[in-house]
Number of protein chains: 2
Amino acid sequence: MDVRIFHGQNRVAQIDPGDRGLAYGDGLFETMRVHRGGIPWLDAHLRRLRHGADRLGILLPDDTLLRVEIASACANQDSAVLKLIVTRGTGGRGYAPPDPAQPMWLLSLHAAPLPMQDVSVVWCGTTLAEQPALAGLKHCNRLEQVLARREVVAAGADEGLMHAATGHVISATAANLFIHDGGDGWLTPPLDRCGVAGVCRDWLLHHAPARETPLDRPAVLRSSAIFLCNAVRGILPVRRLDAREWPESAHLRALQRQLAAAHPGLN
Amino acid sequence: MDVRIFHGQNRVAQIDPGDRGLAYGDGLFETMRVHRGGIPWLDAHLRRLRHGADRLGILLPDDTLLRVEIASACANQDSAVLKLIVTRGTGGRGYAPPDPAQPMWLLSLHAAPLPMQDVSVVWCGTTLAEQPALAGLKHCNRLEQVLARREVVAAGADEGLMHAATGHVISATAANLFIHDGGDGWLTPPLDRCGVAGVCRDWLLHHAPARETPLDRPAVLRSSAIFLCNAVRGILPVRRLDAREWPESAHLRALQRQLAAAHPGLN
């Protein structure tokens, strides 16, 4: 694994054992698709990161340095995934954030995922707790997703859909969910109480006939087409959800073509 | 900081940048009071750790090796704090737990905290999300406590009380809460939906006239005495909660004496 670790402005050799990311998950991350040496959605990823850092009060590394290091890590990579973690940095024992704090940040390069076809999905029993203070953010407190993902692996499925404790359907463990509205549009759950506001989801809300609306389980099952999406894999049409099966959808193929035209890595 | 890092059975020089504790807070921790070269409540800490590891499916290090290393880290320490973190270990990108996994564990020694008197407490606006799958565990997803602790620091208080989203009072940011029941006993909130089941709380529930019952804000304010507790500081009588003040309590002093007799480090 190609890894670069920084503390503030300085490249360092290792993770500090007192890092607050390790102690408390006190950090944020971005998982970005690399295509032909660059990251097509870099600005959107850094915008979301900045929003999360503002909400949590985490200092971000210098933007110019961050972009230089990201560009350097991606150079010569035709197709890959670049993960960025930014933590609040090193702190003493105890929850109180250190002041001043120097962020720790880490770039790691990974192989691009294999294409996924005939995606099969199950319902996860692990729910998403409602926490408006953290909702939407791609923070590093991810035990719910880890537990849900264990269920997906045990079921032999590709992904799993998660509910909020209230019963609303929110997302997959590592992707957002859209369902066809029966006309020309798409629906995705609002994420003001839990869930991660994905970069691909955000692109679709701005560039496709898609809007937020609360979804329950019957709405998902009734829909004529459903898909998952994230910034690494793009749009993943769901073929099966337990006993429910969906045929190919012309609407969905059209949306995939639209996305591929805007982001050539996601085709 | 005196730190020892292990991967499975082996002592290693540094944290793996792919550690799942850093990526997802996918781990557990224990914060233990060291007294005269030993940890009086070691068995209780390791019991709680084992319970958490069972619930999360995290492999624990070998018990004998763990105890040997803990004893070695504490030797010659008259009064200190020993923190243990155990994570699921190193994993690839993605939430699915690696299988097989080797736990990463880390022991760090810290100075004992200064005694705290006339403890002042505020109400935190940050709530605790309800998640039965994680409730009670001392896991490493602690962003709620970090955000709440920022409020405590901003208010210039010593600690802060947190509610569940439902309005029930649960605990302080890093301590459990007990209130006097008006007779000979003490009440503390149940922790089946959120909160951390502290080792000192557990001792009190088994050795003092104390029981679990849901508490709301008026019950706390009406009580004739309230205290916080944890395994590092023992019992901390609360003197002030916003405008509410409490005088010294004979009941509370008696309970402190009982605890000090059982655990001489906590007096």
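On a predicted model such as this, the values are computed, not experimentally measured, just so you know. (Residues numbered from 1 in each chain as written. Chains lettered and ligands numbered in written order. Predicted model: local features only at pLDDT ≥ 70, side-chain atom pairs only at ≥ 80, totals over all residues. Heavy atoms only, no water.)

## Points about the interface of chain A and chain B
- Taken together, the contacts link 54 residues of chain A with 54 residues of chain B.
- Carbon and sulfur atoms supply 68% of the area that chain A and chain B bury against each other, a total of about 4400 Å² over both sides.
- Summed over the shared surface of chain A and chain B, the result is 0 salt bridges.
- Contributing elements (two or more residues each) for the side of chain A that touches chain B: strand E1 (2-7), helix H1 (20-24), strand E3 (27-35), helix H2 (42-56), strand E4 (79-87), strand E5 (104-111) and helix H4 (143-155) of chain A.
- By residue number, the principal contributor to the side of chain A that touches chain B is H4 of chain A, which donates 8 residues.
- When its residues are assigned to classes, the side of chain A that touches chain B shows 28 nonpolar, 14 polar and 12 charged. (Contact = heavy atoms within 4.5 Å. Buried area = accessible area lost by both parts, 1.4 Å probe. Salt bridge = Lys/Arg side-chain N within 4 Å of Asp/Glu carboxyl O. Helix = DSSP H or I, 4+ residues; strand = E, 2+ residues; numbered from the N terminus. Nonpolar A, V, L, I, M, F, W, Y, C, P; charged D, E, K, R; others polar.)

## Topic: the environment of Pro40 of chain B
Residue and element names in this part refer to chain B.
- In this fold, Pro40 is placed in the loop between strand E3 (27-35) and helix H2 (42-56).
- Note on Pro40: relative accessible area 38%, which makes it partly exposed.
- Along the primary structure Pro40 and Gly265 are separated by 225 residues, whereas in three dimensions their C-alpha atoms are 8.0 Å apart. (Buried < 20%, exposed > 50% of the residue type's maximum accessible area, 1.4 Å probe, protein only.)

## Notes on the pattern of salt bridges
Residues and elements named next belong to chain A.
- As enumerated under the stated definition, the model contains 23 salt bridges over all chains in all.
- In this structure, the salt-bridge partner of Arg149 is Glu159, at a minimum N-O distance of 3.6 Å. Taken together, the residues span a long stretch of sequence, with Arg149 in helix H4 and Glu159 in strand E7 (residues 159-163) at a distance of 10 residues.
- Here the salt bridges do not stand alone but share partners, grouping Asp118, Arg239, Glu248 and Arg253 into one network.

## Points about the domain arrangement of chain A
Residues and elements named next belong to chain A.
- Structurally, chain A comprises domain 1 (2-111) and domain 2 (119-262).
- Distance from the C-alpha centre of domain 1 to the C-alpha centre of domain 2: 26 Å.
- In this assembly, 19 residues from domain 1 lie in contact with 19 residues from domain 2.
- Between domain 1 and domain 2, a total of about 1600 Å² is buried, with carbon and sulfur atoms accounting for 66% of that surface. (Domains from an automatic or database assignment.)

## Description of the state of the cysteines
Residue and element names in this part refer to chain A.
- Summed over all chains, the structure comprises 0 disulfides over all chains.
- Of the cysteine sulfurs around Cys74, a residue in no disulfide, the closest is that of Cys200, at 18 Å.
- Residue classification places Cys74 among the buried residues on the basis of a relative accessible area of 1%. (Disulfide = S-S within 2.5 Å.)

## What to know about the packing of helix H5 (residues 199-207) of chain A against helix H7 (residues 250-262) of chain A
Residue and element names in this part refer to chain A.
- The N-to-C vectors of H5 and H7 enclose an angle of 105°; their axes lie 12 Å apart at closest approach. One element, H5, and the other, H7, form an angle in the roughly perpendicular class. Along the contact surface, H5 presents Cys200, Trp203, Leu204 and His207, while H7 presents Leu255, Gln258, Leu259 and Ala262.
- Class assignment for the residues of the contact of H5 with H7 results in 6 nonpolar, 2 polar and no charged. (Axes fitted to C-alpha atoms, helices over the stretch in contact; angles between N-to-C directions. Parallel < 35°, antiparallel > 145°, perpendicular 65-115°, else oblique.)

## Regarding the packing of aromatic side chains
- Considering all chains together, one arrives at 12 aromatic pairs over all chains under this definition.
- Where Phe6 of chain A meets Trp105 of chain A, the ring centres are 4.0 Å apart and the plane angle is 10°; that geometry is what we call stacked. Highlighted residues: Phe6 of chain A in strand E1 and Trp105 of chain A in strand E5, separated in sequence by 99 residues.
- Aromatic pair Tyr24 of chain B and Tyr95 of chain B: ring centres 4.8 Å apart, planes at 55°, arrangement tilted. (Phe/Tyr/Trp six-rings, centres within 6.5 Å; stacked < 30°, edge-to-face > 60°.)

## Overview of the sheet that holds E3 of chain B
Residue and element names in this part refer to chain B.
- The 5 strands are arranged E2-E1-E5-E4-E3 in an open sheet whose pairing can be described as antiparallel. Strands at the two margins of the open sheet, each flanked by one partner only, are strand E2 (10-12) and E3. Across this sheet, the average inter-strand angle for adjacent strands is 25°, counted without regard to direction.
- By the bridge criterion, 9 bridges tie E3 to strand E4 (residues 79-87) in an arrangement that is antiparallel. Bridge pairing in E4 links Val34 to Ala80.
- On the sheet, H2 packs against E3 and E4 and is oriented at approximately 180° with respect to E3.
- Strands in contact with helix H3 (residues 63-74) are strand E1 (2-7), E3, E4 and strand E5 (104-111); relative to E5, the strand with the most contacts, it is inclined by about 20°. (Pairing = 2+ DSSP bridges.)

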